[in-house]
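Here are the chains, one letter per residue:
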Amino acid sequence: MNARRVESCFLALVLALGVCFPNLAFADDAPSGGEGASGGETPTPDAPETDIPTEGACGTNAKWSYDKDANALTIEPVSDKVTSASVTTPGWAAWAPEIKTVEVKTGITSIGTGVFAGQPFTSISIADTVTSLGAGAFSACTSLSEFKGADGVTAIGDTTFSGCTALSSIEGLESVTTIGDSA
């Protein structure tokens, strides 16, 4: 009966250790059969992502591109022939933590609801072709300190700049006729 009790205690201890330290069985120095079995190296889970796109669509007739070296996001129409382009989706979301500057180029006509909300960039430059900034477009961008351009903007939606606590420089916006609540 004592042997059974010792065996039960040992099994309980092993189970408890497995729950508390689940990675012990998968330690980095444990043999994995890597090169010999498969003919190549087994990728590590900490390897940096290399397949994250640096460009793509971000709305109607709009595209984005990210320059990793400059930490700069550029948004522009898909072609020179486009007369109206709206930014409606943040296709660059995977890069958002690294973006420092944003440039919205000529041909983009509107920035949709919440498109840049909560992103940590510090400055944005918007072409004069942009006529509206959607509700919450820049809300909670606590690092945004500089806003340039957008002389074509006539309407600023509700909460557009709400929570932009670092915003200290605004250039442009001379044509605004409508400002939403808590903008």
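Residues numbered from 1 in each chain as written. Predicted model: local features only at pLDDT ≥ 70, side-chain atom pairs only at ≥ 80, totals over all residues. Heavy atoms only, no water.

Asker: Please explain the overall build of the protein as it appears in this structure.
Answerer: In terms of helices and strands, the protein carries two helices and 12 strands. Reading the protein from its N terminus to its C terminus gives the helix and strand order α-α-β-β-β-β-β-β-β-β-β-β-β-β. Here the contacts in the protein between residues at least 6 apart in sequence split such that 33% fall between residues at least 24 apart. Of the accessible surface of the protein, which amounts to about 11100 Å², a share of 54% is contributed by carbon and sulfur atoms. (Helix = DSSP H or I, 4+ residues; strand = E, 2+ residues; numbered from the N terminus. Contact = heavy atoms within 4.5 Å. Areas by Shrake-Rupley, 256 points an atom, 1.4 Å probe, with all protein chains shown as cover.)

Asker: Before we go on, may I ask you to explain the side chain of T74 in this structure?
Answerer: Relative to the helices and strands, T74 is located in strand β3 (residues 72–77). Apart from the residues lying within four places of it in its own chain, the contact partners of T74 are K63, W64, S65, E103 and K105.

Asker: Which parts of the structure should I look at to understand the sheet that holds strand β8 (residues 132–133)?
Answerer: Within a sheet, adjacent strands bond to each other through the backbone by hydrogen bonds, running parallel or antiparallel. What the 12 strands build is an open sheet, ordered β11-β9-β7-β5-β3-β2-β1-β4-β6-β8-β10-β12; its pairing is mixed. Looking along the sheet, the strands with just one partner apiece sit at the ends: β11 (169–170) and β12 (178–179). Pairing of strand β6 (residues 108–111) with β8 involves two bridges; the strand directions are parallel. Considered in β8, the bridge of S110 is made with S132. (Pairing = 2+ DSSP bridges.)

Asker: So what exactly am I meant to see when it comes to the packing of aromatic side chains here?
Answerer: Here the distance between the centres and the angle between the planes together describe a pair of aromatic rings. This structure, assessed with the given rule, holds seven aromatic pairs. Centroid distance W92 to F116: 5.3 Å. Interplanar angle 25°. Geometry classified as stacked. Linking W92 in the loop between β4 (85–87) and β5 (101–104) with F116 in the loop between β6 and β7 (123–126), this pair joins segments that are 24 residues apart in sequence. With a relative accessible area of 0%, W92 lands in the buried category. (Phe/Tyr/Trp six-rings, centres within 6.5 Å; stacked < 30°, edge-to-face > 60°. Buried < 20%, exposed > 50% of the residue type's maximum accessible area, 1.4 Å probe, protein only.)

Asker: What is the right way to look at the pattern of salt bridges in this model?
Answerer: Pairing between side chains of opposite charge can happen when their charged atoms approach one another. For the structure shown, the criterion picks out one salt bridge. Among the ionic pairs, E146 bridges to K148, the shortest N-O distance being 3.8 Å. Exposure remark for E146: the relative accessible area of 26% places this residue in the partly exposed category. (Salt bridge = Lys/Arg side-chain N within 4 Å of Asp/Glu carboxyl O.)

Asker: Help me out: how do you make sense of the pairing of β5 in this one?
Answerer: The two faces of the sheet receive side chains in turn, since in a regular strand these alternate between them. The alternating pattern of β5 places V102 and V104 on a buried face and T101 and E103 on a face that is not buried. Examined bridge by bridge, β3 and β5 share four bridges and lie parallel to one another. In the sheet register, L73 faces β5, and the bridge partner there is V102. Strand direction decides the pairing type here: β5 and β7, joined by four bridges, are parallel. Looking at the pairing, T101 lines up with S123 of β7.

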